[in-house]
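Structural features, examined
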Amino acid sequence: MAFRQPNTKELKVIRKALSYYGSGDFLSHYALLVKEGEKKEVYAVSKELYGVIGELNPHYAGVKIGEVGRRFRFSLEGTFWLLRNSRNRVWVNERGEMLFLYGRDIFAGSVERASEFGENSIVFVCNRFDDVLGIGRSRHSSDALSNLPEDKVFVENLVDRGEYLRHQKTYLSF
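Predicted model only: the values in this text are computed from it and were never measured.

A short note on the pattern of salt bridges
- Using the criterion set out here, one finds nine salt bridges in the structure.
- Close ionic contact of arginine 161 with glutamate 77 constitutes a salt bridge, the shortest N to O distance being 2.9 Å. A residue pair is termed long-range when its members are at least 10 positions apart, and arginine 161 in the loop between β11 (153-160) and α5 (163-166) and glutamate 77 in helix α3 (residues 76-82) qualify at 84 residues.
- Of the residues examined, glutamate 77 reaches a relative accessible area of 33% and is grouped as partly exposed.
- Of the charged contacts in the structure, one is a salt bridge between aspartate 130 and arginine 113, with a shortest N-O distance of 4.0 Å. Highlighted residues: aspartate 130 in the loop between β9 (122-126) and β10 (132-138) and arginine 113 in strand β8 (residues 111-114), separated in sequence by 17 residues.

Structural notes on unusual backbone geometry
- The backbone of asparagine 120 sits at a positive phi, close to 65 degrees, despite the residue not being glycine.
- For aspartate 130, which is not glycine, the phi dihedral falls at a positive 70 degrees.
- The class of aspartate 130 is partly exposed, set by a relative accessible area of 41%.

A closer look at the environment of lysine 40
- Within the element layout of this structure, lysine 40 appears in strand β3 (residues 40-46).
- Linking lysine 40 and asparagine 127, residues 87 residues apart in sequence, is a C-alpha distance of 30 Å.
- If sequence neighbours within four positions are ignored, lysine 40 has contacts with Arg4, Glu10, Val34, Lys35, Gly66, Glu67 and Val68.

What counts as what
Residues numbered from 1 in each chain as written. Predicted model: local features only at pLDDT ≥ 70, side-chain atom pairs only at ≥ 80, totals over all residues. Heavy atoms only, no water. Salt bridge = Lys/Arg side-chain N within 4 Å of Asp/Glu carboxyl O. Helix = DSSP H or I, 4+ residues; strand = E, 2+ residues; numbered from the N terminus. Buried < 20%, exposed > 50% of the residue type's maximum accessible area, 1.4 Å probe, protein only. Contact = heavy atoms within 4.5 Å.

Below, the structure written as structure tokens:
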């Protein structure tokens with residue numbers, strides 16, 4: 001499949017997601033390409049590379065930042081590369097980091113801090129160095145964290161960087 005530019009609807013969905021997570025200026029530095037297959041994969045390439053893509057007709061180019069449909073779903077590399085602010089993030093301690101990378105959920109006792117978000121929100125799980133470890137779904141709002149017992153699941157693991165090592169499909173998770 002060849003790359004193409006995102007259509008107006010896809011670009012609107014992507015811009016909305018980027019703006020929501022504080023990365024709206026991303027499109028001023030990089031160009032986006034869509035590769036259609038079973039899913040519409042979105043790749044980011046430098047402006048210089050974008051100019052020669054049509055001539056080369058490569059199978060892959062740039063960094064896959066996500067998939068677009070009715071919503072934009074960030075890939076793990078996309079989250080690591082794009083997210084610059086602390087919106088919808090949970091920071092975990094070392095034990096929580098290890099367990100999360102092994103595919104486990106985040107317990108309230110492993111959370112060092114959390115930004116503001118509601119129940120059933122998509123959240124980005126980070127370690128103390130601000131590295132994005134994966135994506136999860138909150139079972140409780142961030143306001144409820146201080147009242148939860150330490151052994152209560154706070155964030156459900158949807159996809160984590162350990163998926164690559166376990167050879168599982170990452171986008172069937174959510």
